Amino acid sequence: MGFYSFLRDDRFVAASLGLGTVGFLFAMRSILEYYRDEAEIKPTPPKTQYITQETEDSLGLSTLESLLSHYNFAIRDTALKIVAGRAVNDSSAVYHLLWGITRTDYEERMEALRALAFAMEDNAFQDPLNALNNPKAYSALVRSLELCLDDAEHEKLDDPLYDEYFLRDIGERRCLMLVSQLVHRYGVDKFIEAGFVERWLAKQPWGDDDEERQKNFGMYMDRRKNRISDICFHLKTCKAGRKALFKAKLTSKSRRGKRERTDQIKVVLEISMANEDDLEGPSPAEHIPRVNDQTAEEQRLRRRHREAMVLNDGTHSLGRNDIIERARF
C-alpha cells in the first residue's frame, strides 16, 4: 500500500515529468549536433605536388614567360629557378651572358650581370660556378671590370678610415662578387693569367707615384675588410700573384714578406702622469721618487696614481684624449 501511494503522490509525478523533459531535451540536442557535424562538408586539403624534372623540361618558352609575369610570388620564384637552371646547364646561354657583360652599353651590361649573378646564386645546383671555370669566363669578368672603370669617378684610395667599396657601382660590385666566389672555389691563378692585376687592380687610384701607390695599397690591405682586399690577400699568397703585384708597382717586393701585425692598437699599462703638463719644470733627474724616504703605503698610492691606459690606433699622433687615467679616490 505504501509504495503505490508513493507512486500516486503528486510531487513524485511532477519530479518525474521534469526529469524526463530535461533528459529528452538533452538527448535531442545531442542527436541534432551529431547529424549537423556529419552533414558538414569539410574542404579537402590541397595535396602537395612537386615539379619533377620531366615537368620542367616539358615547359616551353612561352609558358615560362607567362609564369614569370604571374601575380603569385611563389610561381614567379619557381619559374626564375627553372630559367636559371636551364641557363647554367646550357653553355650557349652562359656564353651569351658572358658576351653581354663585355658590352660597352651600360644597360645591356647590367642586364647580363644581373642574370649571370642570379644564375650563379641558385642553390638548386651543387656547383653552378663550374660553368664559369674556363678561360673565356675569366677574361669576360676582367673585361667587364675594366669597363666599369669608366662608369663612375673614383677618389684616391688614401683614407685609412673610409671604405669606399659599398659606394662603388653595382655592376662593379657584382663582378667582384663573382670574382671572389671563383677565387675561393678555384684559386686565383686563372685571374692572374687573364690580367686581373694589370687591367683592373693596377688602374685603381692608388696614388701619383710608385711610393704613394705602394703605401696606399698596403694601407688598403691592412684597413679594409671587403671583397677587394680579400682578392688581394689571395693574390699575395701565391708566387704569380706577388710577381704581378710587383710588376704593377703595388708592392716593393715580389716575395712574401713577414706577416704584419693586423692589430695596430697599442696598449701601455703604466706610464708616469705626474709631470705631463709641466713642460718647463726641473730636469728629469729631479723627478725620480725617493723610494727610501717613503713608507710601503705611500709607495702603493704613488704607483696607483701613476697607472693609466693609452689607446691609439696609429691614425693620429698621441694626445691627451688617448690617455685614460685610473680614477683617484
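Up top you'll find the structure we're talking about.
Residues numbered from 1 in each chain as written. Predicted model: local features only at pLDDT ≥ 70, side-chain atom pairs only at ≥ 80, totals over all residues. Heavy atoms only, no water.

Novice: Any chance you could break down the overall build of the protein for me, citing the residues and the numbers?
Specialist: Helices and strands together make up the secondary structure of the protein, namely 15 helices and 3 strands. Burial analysis of the protein (329 residues in total) assigns 28% to the buried set. Put simply, 67% of the contacts in the protein that link residues at least 6 apart link residues at least 24 apart. Accessible surface, the protein: about 23300 Å² in total, of which carbon and sulfur atoms supply 54%. (Helix = DSSP H or I, 4+ residues; strand = E, 2+ residues; numbered from the N terminus. Buried < 20%, exposed > 50% of the residue type's maximum accessible area, 1.4 Å probe, protein only. Contact = heavy atoms within 4.5 Å. Areas by Shrake-Rupley, 256 points an atom, 1.4 Å probe, with all protein chains shown as cover.)

Novice: Outline helix 9 (residues 170–186), listing residues and values.
Specialist: With 17 residues, helix 9 should reach 24 Å at 1.5 Å per residue; the first-to-last C-alpha distance of 24 Å fits that figure. Every buried residue of helix 9 is listed here: Gly-171, Glu-172, Cys-175, Leu-176, Met-177, Leu-178, Val-179, Ser-180, Leu-182 and Val-183. The opening residue of helix 9 is Asp-169, an N-cap whose side-chain oxygen sits 3.0 Å from the backbone nitrogen of Gly-171. Of the residues one or two after helix 9, Gly-187 is the one with positive phi, at around 100 degrees. (Expected span 1.5 Å × (residues − 1). Polar contact = N/O pair within 3.5 Å; in protein donor to acceptor, adjacent residues only side chain to side chain.)

Novice: Help me get a handle on a negative patch on the surface, residues and values and all.
Specialist: On the surface, Asp-105, Glu-107, Glu-108 and Glu-111 cluster together to form a negatively charged patch. Locating Glu-108 in the fold gives a position in helix 7 (residues 106–120). (Patch = residues over 30% accessible without salt bridge, like charges linked within 9 Å, V, L, I, M, F, W, Y side chains within 5 Å. Salt bridge = Lys/Arg side-chain N within 4 Å of Asp/Glu carboxyl O. Lys, Arg positive; Asp, Glu negative; His and termini not counted. Charge placed at Lys NZ, Arg CZ, Asp CG, Glu CD.)

Novice: Go over the nonpolar core with me, naming the residues and quoting the values.
Specialist: Ranked by size, the top nonpolar core spans 53 residues in total, and within it Phe-191, Phe-196 and Leu-201 carry the most contacts. Filtering out sequence-adjacent residues up to four positions away, Phe-196 remains in contact with Val-142, Leu-145, Val-179, Phe-191, Leu-201, Ile-231 and Leu-235. (Core = buried A, V, L, I, M, F, W, Y, C linked by side-chain atoms within 4.5 Å.)

Novice: Report on the side chain of Ser-180, specifying residues and quantitative values.
Specialist: Residue placement: Ser-180 occurs in helix 9. Beyond its immediate stretch of four places on either side in the chain, Ser-180 contacts Arg-227, Asp-230 and Ile-231.

Novice: Explain the packing of aromatic side chains residue by residue, including any values.
Specialist: Scanning all chains against the criterion turns up 7 aromatic pairs. Their ring planes at 70 degrees and their centres at 6.2 Å tell us that Phe-191 and Phe-196 sit as a pair that is edge-to-face. With respect to burial, Phe-191 and Phe-196 carry one shared label: buried. Here the basic side chain of Lys-136 rests over the ring of Tyr-95, its NZ or CZ set 4.5 Å away from the ring centre. (Phe/Tyr/Trp six-rings, centres within 6.5 Å; stacked < 30°, edge-to-face > 60°. Lys NZ or Arg CZ within 6 Å of the ring centre and 35° of its normal.)

Novice: Quick rundown of the environment of Glu-164? Include the residues and the values.
Specialist: As for its position among the elements, Glu-164 is in the loop between helix 8 (135–148) and helix 9. Overall, the relative accessible area of 11% leaves Glu-164 in the buried class. Between the C-alpha atom of Glu-164 and that of His-154, which follows or precedes it by 10 residues, the distance is 8.9 Å. Those residues in contact with Glu-164, other than ones at most four positions away along the chain, are Leu-157, Tyr-220, Arg-224 and Ile-228. Polar side-chain contacts of Glu-164 include one of 3.0 Å to the side chain of Arg-168.

Novice: Outline a nonpolar patch on the surface, listing residues and values.
Specialist: Residues Phe-24, Leu-25, Met-28, Ile-31, Leu-32, Tyr-34 and Tyr-35 make up a contiguous nonpolar surface patch of roughly 780 Å² in combined accessible area. In this structure, Tyr-35 sits in helix 2 (residues 10–39). Here Tyr-35 falls in the exposed class, since its relative accessible area comes to 56%.

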